[in-house]
2 protein chains.
Amino acid sequence: MNALLLVAHGSRRQQSNEEVRLLADKLKSRCGESFPIIHAGFLELAEPLIPDGLQKCIDDGASRVTVLPYFLNTGRHVAEDIPDIIDEFKRNSSVEINLTSHLGASEMMLDVLASVASE
Amino acid sequence: MNALLLVAHGSRRQQSNEEVRLLADKLKSRCGESFPIIHAGFLELAEPLIPDGLQKCIDDGASRVTVLPYFLNTGRHVAEDIPDIIDEFKRNSSVEINLTSHLGASEMMLDVLASVASE
């Protein structure tokens with residue numbers, strides 16, 4: 001069973017973290033067929049942290065987890081920290097884990113920006 | 001003449017700031033008809049800062065500037081800091097300045113996430 005883990009940075013502001021969790025919930029209605037399991041995970045400052053989020057997916061029955069970094073820029077978090085955490089988790093897990101490119105890398109972002117600009 | 005100012009947080013990593021400037025350039029090819037003038041601006045840590053970015057738009061001939069916050073979450077920066085800076089600038093300017101909702105508020109973000117997830 002496929003799972004999706006939406007990974008955000010995490011914030012001291014609980015409202016920001018809650019927004020990410022709500023977004024994961026919205027994605028369930030949108031991508032429920034492709035990903036019957038969807039959770040949010042955080043790099044730091046909020047729970048579940050990425051390894052705990054991966055474990056939640058596995059506990060729910062996932063045999064494959066797709067990790068999607070909810071980040072705009074190609075920073076150290078995207079380039080190093082998240083891949084390192086995934087690699088470390090993989091060493092002790094038999095579940096297939098794939099990391100997508102980060103959100104900001106999508107060519108569709110130009111469509112969104114154009115749409116917001118013309119609001 | 002309409003201008004668009006794409007406002008990001010700004011980073012100590014010059015590569016991240018450069019990504020935002022490149023995105024503003026890409027938007028020019030995409031939204032050039034609606035916004036003949038497009039610049040990037042930063043809340044902190046990078047140049048031009050927001051007031052300088054607004055001034056660049058005006059120096060280029062803008063009579064109206066649309067400010068688009070390139071942020072994912074509804075944090076203090078989006079809710080308070082950016083509006084405050086815009087309001088302060090408006091006090092000394094006759095140019096019309098409009099602030100859009102932030103990028104993460106767009107319903108289209110679900111489409112982008114669904115697309116990246118299914119890469």
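Further up the page is the structure itself.
Every chain is numbered independently, its residues counted from 1 as its sequence is written. Chains carry letters from A onward and ligands carry numbers from 1 onward, assigned in written order. Given that the model is predicted, a residue must reach a pLDDT of at least 70 before its local features are reported, and side-chain atom pairs must reach 80 or more before they are shown or counted; all residues, however, enter totals for whole chains, interfaces and linings.

*Asks:* Please set out the interface of chain A and chain B residue by residue, giving values where relevant.
*Replies:* The contact rule is simple: place each C-beta atom from the backbone, and if two of them lie within 7 Å, those residues are in contact. Contact with chain A, which involves 35 residues of that partner, is made by 35 residues of chain B. Put simply, DSSP H or I for four residues or longer makes a helix, DSSP E for two residues or longer makes a strand, and each gets a number counted from the N terminus. For the side of chain A that touches chain B, the elements supplying multiple residues, two or more each, are helix 1 (14-31), strand 3 (64-69) and helix 4 (109-117) of chain A. Counting residues per element, the side of chain A that touches chain B draws most heavily on helix 4 of chain A, at nine residues. Charged residues are taken to be Asp, Glu, Lys and Arg, nonpolar residues to be Ala, Val, Leu, Ile, Met, Phe, Trp, Tyr, Cys and Pro, and polar residues to be all remaining types, Gly included. Looking at side-chain class alone, the side of chain A that touches chain B contains 16 nonpolar, 13 polar and six charged residues.

*Asks:* How would you summarise the sheet that holds strand 4 (residues 96-99) of chain B if you had to cite specific residues and measurements?
*Replies:* Residue and element names in this part refer to chain B. Between any two strands, pairing holds if DSSP finds at least two bridges. Strand order in this open sheet of four strands is 2-1-3-4, and the pairing throughout is parallel. Here the strands that pair on one side only, and so sit at the sheet edges, are strand 2 (37-42) and strand 4. For this sheet, the mean angle separating the axes of adjacent strands, direction not counted, is 25°. With four bridges joining them, strand 3 (residues 64-69) and strand 4 adopt parallel strand pairing. When the bridges of strand 4 are listed, Arg64 appears paired with Glu96. Axis lines are fitted to C-alpha atoms, over the contacting stretch for helices. Their N-to-C directions set the angle, which ranges from 0 to 180 degrees. Sheet strands touched by helix 2 (residues 50-59): strand 1 (2-8), strand 2, strand 3 and strand 4. Its angle to strand 2, the strand with the most contacts, is close to 170°.

*Asks:* I'd like to hear about the environment of Arg12(A), residue by residue, with values.
*Replies:* For Arg12(A), the location among the structural elements is in the loop between strand 1 (2-8) and helix 1. Taking C-alpha positions, Arg12(A) is 28 Å from Ile97(A), a pair spaced 85 residues apart along the chain.

*Asks:* Report on the relation of the copies chain A and chain B, specifying residues and quantitative values.
*Replies:* In this comparison the copies share one frame, found by least squares on the C-alpha atoms of residues holding pLDDT of at least 70 in both. After a rotation of 180° and a shift along the axis of 0.0 Å, chain A superposes on chain B with an RMSD of 0.0 Å. When the rotation and shift are considered jointly, the pair of chain copies conforms to a two-fold rotation axis. An overlap of 100% is found between the interface residues of chain A and their copies at the interface of chain B, pointing to a shared contact surface.

*Asks:* Describe the packing of helix 4 of chain A against helix 1 (residues 14-31) of chain B, listing the residues and the values that go with them.
*Replies:* Running from amino to carboxyl end, helix 4 of chain A crosses helix 1 of chain B at an angle of 70°, the nearest separation of the two axes being 10 Å. The angle between the axes of helix 4 of chain A and helix 1 of chain B places the two elements in the roughly perpendicular class. Relative to helix 1 of chain B, helix 4 of chain A is oriented so that their crossing is right-handed. Residue-level contacts link Leu110(A), Leu113(A), Ala114(A) and Ala117(A) of helix 4 of chain A to Lys26(B), Leu27(B), Arg30(B) and Cys31(B) of helix 1 of chain B. Partitioned by chemical class, the residues of the contact of helix 4 of chain A with helix 1 of chain B number six nonpolar, no polar and two charged. Working definition: roughly parallel below 35 degrees, roughly antiparallel above 145 degrees, roughly perpendicular at 65 to 115 degrees, and oblique for all remaining angles. Each crossing is labelled by how the near helix is turned from the far one, with a counterclockwise turn of less than a right angle marking it left-handed and a clockwise turn marking it right-handed.

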